[in-house]
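# Residue-level structural notes
Here is what each chain is made of, one letter per residue.
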Protein chains: 2
Amino acid sequence: MARVSTPLSEKLGLRLPLIVAPMAGGPGGPDLVAACSAAGALGALGFAYTQPDDMKKQAAFVRSKTHQPFSIDLRVSSPSAPIDPAAQRGALDSVAKYYAELDLPAPEPVRIPYAPELDAQITAVQEIRPRVFTTHLGALPKDRVDALRAAGIVVGGTATCIAEAKRLQSLGYDFVIAQGGEAGGHRGTYLREPADALTGTLALARAIVRAVQLPVVAAGGIMDGAGIAAVLALGAQAAQLGTAFIPCPESGAPKIHKDSLLAAREDDTRITEKFSGKPARGLVNRFMREMEPAPQLEYPAQNKLTGPLRQASGKAGNGDFVAMWAGQGVAMSRALPAAQLIEALERETIAALQSGAALVRE
Amino acid sequence: MARVSTPLSEKLGLRLPLIVAPMAGGPGGPDLVAACSAAGALGALGFAYTQPDDMKKQAAFVRSKTHQPFSIDLRVSSPSAPIDPAAQRGALDSVAKYYAELDLPAPEPVRIPYAPELDAQITAVQEIRPRVFTTHLGALPKDRVDALRAAGIVVGGTATCIAEAKRLQSLGYDFVIAQGGEAGGHRGTYLREPADALTGTLALARAIVRAVQLPVVAAGGIMDGAGIAAVLALGAQAAQLGTAFIPCPESGAPKIHKDSLLAAREDDTRITEKFSGKPARGLVNRFMREMEPAPQLEYPAQNKLTGPLRQASGKAGNGDFVAMWAGQGVAMSRALPAAQLIEALERETIAALQSGAALVRE
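The paragraphs below set out a description of the structure included in this document. (Residues numbered from 1 in each chain as written. Chains lettered and ligands numbered in written order. Predicted model: local features only at pLDDT ≥ 70, side-chain atom pairs only at ≥ 80, totals over all residues.)

## Notes on the overall build of chain A
The secondary structure content of chain A amounts to 13 helices and 13 strands. For 362 residues, the compact-globule estimate of 2.2 N^0.38 gives 21 Å, and chain A sits close to it at 20 Å. Structurally, chain A occupies a C-alpha span of about 70 × 45 × 40 Å along its principal axes. Intrachain contacts of chain A at a sequence separation of at least 6 include 70% that bridge at least 24 residues. (Helix = DSSP H or I, 4+ residues; strand = E, 2+ residues; numbered from the N terminus. Rg over C-alpha atoms; globule rule 2.2 N^0.38 Å. Contact = placed C-beta atoms within 7 Å.)

Quick look at the structure:
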């Protein structure tokens, strides 16, 4: 059967040039990663909030399900630091009423360490040795990148502007993920104010393809094979889709998140810092609206603070306090098992590429 | 020689599926329109601020240069209405110091009529009978659309969300221009708050292709043939490019606008209401920054008020007060005569479509 391949998809050992976005927390998870990798895409474990021991367990689970390659993604963020008591009180006060509404015990101050240490996480990656490792929200120093590559790992990084893509290139990264403004979840911006780096996927992916020599993966707003074909036409060597995979039965997202994606309009998303402390795009809900003026902790302490709310709300089937990450392609969501979705995406991509070429008349 | 065609480009009589965006004021103008239409694209006269007599003169000029089809675009906005004296004073006060800085006489109150009447403009379109007529910032009633179509004019309208595209379809429009968030110049939004309708081109164009039965033209962030190929892969039947044509020698934009585009970074644009009263994307400059908190008039009265500033600033080669409209693809700007640019775009589009199909392996 016909398939689509690029130098990058061949290098990574994929059936098709498709990366399923790392989605830390609920939406990703090892079931979805294993299903996607087994079906020929690159599944990606989003380990932003995962401790090294659990990283190893999840990676071992994926390997128990498939021998196909998978990826691990980490966020390059500052280590846990003591939180100023006044900031702590302000942030606790702004969420206390929601804890009460959900019958949760009053929120407790966030104490260090409130997140895994990046160094220990990277050491775990070196032990796990996935085929691919990617970074978000920052870039690793060159010696770190070199060490990972020397272990046979292909290293990618996220860029939301041309300058970040060039930085990754200069640090020895193997490929760049161009994250357009449409993308759901956390903005990967690290050299600018995130609000100043919201160039749309079409413009950004093309500009980055032209600006660097590395293979480019395009992310943001891609929901079907026509979208994949479009970014391949831009010169990207793969597409990265996140939102499209959240409704899959293998995704660990709460049902209310999946149902809300399937019902959403294209302009129902906004960027908020209120769930984690860093800007991320998701469906507008009550928490995002009401918290807009309220104080918050920095990333990732705020994520720790909102964790019980998000989980209780999701379990109760109530979308008010769930971080329902979604990109601007959300109106095109569909609910299919991962393997069927990947098969459809492959078929649609081939059809769109061939229809495109058929527009050329001699 | 090979060329690219779609049902829409054939219907409109174009050599390639390319519309050069209507750009009211300096950047467009009859020289650029004639050059683009003569080269096989669809040139478009942006007549937002143009009186009927001048519309006819400019259309006659284009016809004196080429027999190829061209388009006329109007903005569907409210008629001139008397301006509240307090609003008038506030707006005058906020620009007076800039008038003085440029050695202009003090600004005068904006008086009705400060813009052409839409009815008279539409009557002029019916007399001119261009091959194509498009609307921006609103939709015409069905009887108006029917009358224009009965005169042999193909009628298109701008949509920035799915709902607007469906509205155009229900009103009998022939095609929809999907204006993504990347696009430079005025946002065409008319059913939502413009800030809530900034879906990126990749996601929006695809969602609209899937949501309506009409041919779709994609606009926003497209600067080269790879971008055109990408939107064709999304199922669009043409691409609309504006920013890409502003540096052309045939464009009437001030030199400082052209030079600034060629030097700009991809994230140097912002959306402002300060030049015209309606949100439009352009390069950040001093006027946009300093006017941010200042009062303004409504569209298009504010455009009248800022006119002398924009013109004097442009003539002086000073970009501080020029409305330097630009889309998010601006970092890919190049300076070529229109015919050469169109030839390059055609060549690049064909190459990208064929390279895309070559990724499919049997």
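## Thoughts on the relation of the copies chain B and chain A
The two copies are related by a screw operation: chain B maps onto chain A through 180 degrees of rotation and 0.0 Å of translation along the axis, at an RMSD of 0.0 Å. Such a combination of turn and shift is consistent with a two-fold rotation axis. Scanning chain B for the C-alpha nearest the rotation axis identifies Ala230 of chain B, at a separation of 2.0 Å. (Least-squares fit on C-alpha atoms with pLDDT ≥ 70 in both.)

## Focus on the sheet that holds strand E10 (residues 238-241) of chain B
Residue and element names in this part refer to chain B. If you trace the eight strands from one edge of the open sheet to the other, you get E2-E10-E9-E7-E6-E5-E4-E3, paired in parallel fashion. At either margin of the open sheet sits one strand with a lone partner, and together these are strand E2 (18-20) and strand E3 (43-46). When strand polarity is set aside, the average angle formed by the axes of neighbouring strands in this sheet is 25 degrees. Sheet analysis places strand E9 (residues 216-219) next to E10, joined by three bridges and oriented parallel. Its bridge partner being in E10, Val217 is matched across the sheet by Ala238. (Pairing = 2+ DSSP bridges. Axes fitted to C-alpha atoms, helices over the stretch in contact; angles between N-to-C directions.)

## So, the packing of helix H13 (residues 338-358) of chain A against helix H13 (residues 338-358) of chain B
In the contact formed by H13 of chain A and H13 of chain B, the axes pass within 8 Å of each other and the chain directions differ by 145 degrees. The handedness of the crossing between H13 of chain A and H13 of chain B comes out as left-handed. Packed against H13 of chain A, whose contacting residues are Leu353, Gln354, Gly356 and Ala357 of chain A, the element H13 of chain B presents Leu353, Gln354, Gly356 and Ala357 of chain B at the interface. Among the residues forming the contact of H13 of chain A with H13 of chain B, the class breakdown is four nonpolar, four polar and no charged. (Left-handed = near helix turned anticlockwise from the far one by under 90°. Nonpolar A, V, L, I, M, F, W, Y, C, P; charged D, E, K, R; others polar.)

## Regarding the pairing of E3 of chain B
Residues and elements named next belong to chain B. Of the two faces of E3, both are covered, the one formed by Gly43 and Leu45 as well as the one formed by Ala44 and Gly46. Note: E3 against strand E4 (residues 70-75), four bridges, orientation parallel. Each residue of the ladder has a partner; that of Gly46, found in E4, is Asp73. (Buried ≥ 20, exposed ≤ 12 C-beta atoms within 10 Å, placed from the backbone.)

## So, the interface of chain B and chain A
Taken together, the contact pairs 51 residues of chain B with 51 residues of chain A. Mapped by element, the contributors of at least two residues to the side of chain B that touches chain A are strand E1 (3-4), helix H8 (201-211), helix H9 (225-233), H13 and strand E13 (360-361) of chain B. Here the side of chain B that touches chain A is built from residues that sort into 25 nonpolar, 15 polar and eleven charged. Relative to E1 of chain B, strand E13 (residues 360-361) of chain A runs antiparallel, the two sharing two bridges. Counterpart to Arg361 of chain A in the pairing with E1 of chain B is Arg3 of chain B.

## Brief notes about helix H3 (residues 52-65) of chain B
All names here are of chain B. Here H3 contains 14 residues, and its C-alpha end-to-end distance of 20 Å stays within 8% of the 20 Å for a straight helix at 1.5 Å per residue. Turning to H3, its buried residues are Met55, Gln58, Ala59 and Val62. Taken around the axis of H3, the buried residues stretch over an arc of 100 degrees, which confines them to a single face. Turned more than 90 degrees away from the buried face of H3 sit Asp53, Lys57, Ala60 and Ser64, all of them exposed. Looking at the buried side of H3, the elements it contacts are helix H2 (30-38), E3, E4 and helix H5 (118-128). (Expected span 1.5 Å × (residues − 1). Arc of directions from axis to C-beta.)

## Observations regarding the nonpolar core
Judged by nonpolar contacts, the single largest core of 246 residues is most densely connected at Ile208 of chain A together with Ile208 of chain B. Excluding residues that lie within four positions of it along the chain, Ile208 of chain B makes contacts with Ala159, Ile162, Ala165, Val176, Ala178 and Val216 of chain B. (Core = buried A, V, L, I, M, F, W, Y, C linked by C-beta atoms within 7 Å.)

## Points about the packing of H13 of chain A against H9 of chain B
Two numbers describe how H13 of chain A lies on H9 of chain B: the axes approach to 9 Å, and their chain directions differ by 120 degrees. Taken together, the axes of H13 of chain A and H9 of chain B are oblique relative to one another. At the point where H13 of chain A passes H9 of chain B, the crossing takes the right-handed sense. Contacts between H13 of chain A and H9 of chain B involve Ala352, Leu353 and Gly356 of chain A from the first element and Ala229, Leu232 and Ala233 of chain B from the second. Here the residues of the contact of H13 of chain A with H9 of chain B sort into five nonpolar, one polar and no charged. (Parallel < 35°, antiparallel > 145°, perpendicular 65-115°, else oblique.)

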